[in-house]
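Geometric and topological summary
Below are the chains, spelled out letter by letter.
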Amino acid sequence: MSSNVRVRFAPSPTGLLHIGGLRTALYNYLFAKHHNGTFVLRIEDTDRTRYVEEAEQDIFENLIWASLKPDEGPATAIMNSAGDWPRGTSVTEESALGEEKDTGSFGPYRQSKRTELYHTYAKQLVDSGHAYYAFDTVDEIEAMRERFRTAKNPTPKYDPQTRSTMKNSLTLPENEVRRLLDDGAEHVVRLKVPSGETVRFDDLVRESVSFETDGLDDQVLLKADGMPTYHLANVVDDHLMSITHVIRGEEWLSSAPKHILLYRYLGWEPPEMAHLPLIMSPGGGKLSKRKAEEEGIPVNVRDYRLDHYEPEALVNFLAFLGWGPGDDREFLTLPEMIEAFTLDRVNKSGAIFDFKKLLWFNEHVMRDREDADLARELQPLAAEKGWGDVNERFLKSVVRLLKERVSRLPEFLEAGKFYVEAPKEYEEKAAKKAWKEGTTERVAKYRDRIAALGDETFVAPELKQILTDLVEEEEVGFGKLMMPVRVAVTGVGSGPDLFESLELLGREEVIRRLDAAVVKLG
RNA sequence: GCCGCGUUCGUCUAGGGGUCUAGGACGCCGCCCUUUCACGGCGGUAGCACGGGUUCAAAUCCCGUACGCGGUACCA
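1. Observations regarding the sheet that holds strand E4 (residues 188–191)
- Spatial strand order, E3-E4-E7: three strands in an open sheet with antiparallel pairing. Either end of the sheet is taken by a strand with one partner, and the two such strands are strand E3 (131–134) and strand E7 (220–222). The average undirected angle you get between the axes of adjacent strands in this sheet is 40 degrees.
- With four bridges joining them, E3 and E4 adopt antiparallel strand pairing. What sits directly across from Ala-134, in E4, is Val-188.
- Sitting on the sheet, helix H3 (residues 115–127) is in contact with E3, E4 and E7, with an inclination near 105 degrees to E3.

2. Description of empty space enclosed by the protein
- Using the criterion set out here, one finds one cavity of 30 Å³ or more in the structure.
- One number sums up the size of the largest cavity: a volume of about 30 Å³.
- As for the largest cavity, its lining consists of Asn-234, Asp-238, Val-246, Arg-248, His-259, Tyr-263 and Met-273.
- Put simply, the parts of the chain that give the lining of the largest cavity at least two residues each are helix H6 (230–240), strand E8 (245–249) and helix H7 (256–266).

3. Looking at the layout of surface pockets
- The space that makes up the largest pocket amounts to roughly 1200 Å³.
- In terms of lining residues, the largest pocket is bounded by 37 residues, among which Pro-11, Ser-12, Thr-14, Glu-251 and Trp-252 are the most central.
- Mapped by element, the contributors of at least two residues to the lining of the largest pocket are strand E1 (6–9), helix H1 (19–34) and E8.
- With four residues, the single largest contributor to the lining of the largest pocket is H1.
- When the residues that make up the lining of the largest pocket are grouped by side-chain class, the tally is 15 nonpolar, twelve polar and ten charged.
- Of the residues that make up the lining of the largest pocket, three or more belong to each of domain 1 (1–91 + 277–368) and domain 2 (114–276).

What counts, and at which threshold
Residues numbered from 1 in each chain as written. Chains lettered and ligands numbered in written order. Predicted model: local features only at pLDDT ≥ 70, side-chain atom pairs only at ≥ 80, totals over all residues. Heavy atoms only, no water. Pairing = 2+ DSSP bridges. Helix = DSSP H or I, 4+ residues; strand = E, 2+ residues; numbered from the N terminus. Axes fitted to C-alpha atoms, helices over the stretch in contact; angles between N-to-C directions. Contact = heavy atoms within 4.5 Å. 1 Å grid on protein atoms, 1.4 Å probe; cavity = no way out; pocket = protein on both sides within 12 Å on 5 of 7 lines; lining within 4 Å. Points joined across faces, edges and corners; volume = space filled by probe spheres on them. Nonpolar A, V, L, I, M, F, W, Y, C, P; charged D, E, K, R; others polar. Domains from an automatic or database assignment.

Okay, here's the thing in structure tokens:
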């Protein structure tokens, strides 16, 4: 049973999907699903100068990777695909934009394909006296700002005061306006903002918000290139697409009153609005690409996908940046989040991106996954890293031994490097601490005893027993032999269970490494 | 500058007049477990921005200040 709740995620294809964008999408998705509603994807490609070819594709891929598949959206191969997308893989080639039909009946879902609509409504606004044509060039507007600029007002607006000095259909005689229009003179359509009014609305996150219209400028609705601005397009589309709730970032709060005015002048009921707190950089300020990367935080969702982060972890972490279920749970599956999600639990203040906490979520998700599953995902990475044709069974053992000590999938390859490659050198501190008087002799003895083991008996319990017996005979502590063996075999002083590791390496390899260490460290 | 929004441990948050000597989580520190390191378990550290009100009572309501953030484009 579906309700009439309809929300949209409306990114602009001006760059790769940003982590903040993903959170906005997530909250929209959660809200929609919580109410059995519809999650719409709309591409706001009205800025032709900033259009980035690969951006749209990137948005689709990453939404699907994060399990936030839109119910309605533009026509693409990936949108029409089954849904599950392989973790951590780039799929650009295989999923090239297709010519399939849109999913949903409120399309087209790309604003660049809806321009006639915007012109119709812009015309309607002009005819009803709530908008007007303006013929000023960019230079003329700049000159106006220069003219009215004062210390108190560094950026004069195009508003009821200044518009009377400009070239527009409010100041020009009617026949002149007609002539300019007929001649195809470059022009824009501007919203005629009233003076002396208060626009108030109830934000679902912030409650009552109000603005004085005197603080607003005559927003351009239709640009000279014929494209609408965000303001017009978003209002027209949200209405035509029957969007019931607009859930977007706080950076839009300031323009909300202009939207309210547009709904009013178009004679439409505005949707409910919810402005989400921004995701902040640890150093302060909106988490911008540059700022984040300076602090070592990737901002593109693609980076996380290609780096094999667990999508469930990223989603869980992002959900908690500005929202919480209200109880003590920290780990929630997507269905659990859907169940718990309400806008009144969304916070008002910005949330700083805590990278360590993301890693904690990632570790948790990884440890919950099956060894075989992780091994399968690891295999291509291992091959890439030059691990040779290691089989899945071997990788599964590596995963089992290392799972509790890595934060991200690729780290298996670093932490487990010694499983495929003998140490070239020994960590100095560890070697010095392990290799003392008599060590060489003891290691040699251990080497000889385990060398005598058969293939079936070269197993962890046996290897441990032999070492235990030997330290007893030698009357030394367990670590006096265990640590040197560990350093000899792995090169470092810490790591996963030694005997399991020896078993996995196999007799020949272990003997080789022990011999090498006796020579180098003895 | 102007407009708007915000402010509980370092961070994410619970809390919405008395049950708050403010709860949980990440991080950090310590202890335990242990063959090392981790994992895990236990414990600790640390916070209501400030100043005025209102009230018998305020982290919670009101006002102001400070600070932070956003907006101030023919970008979204």
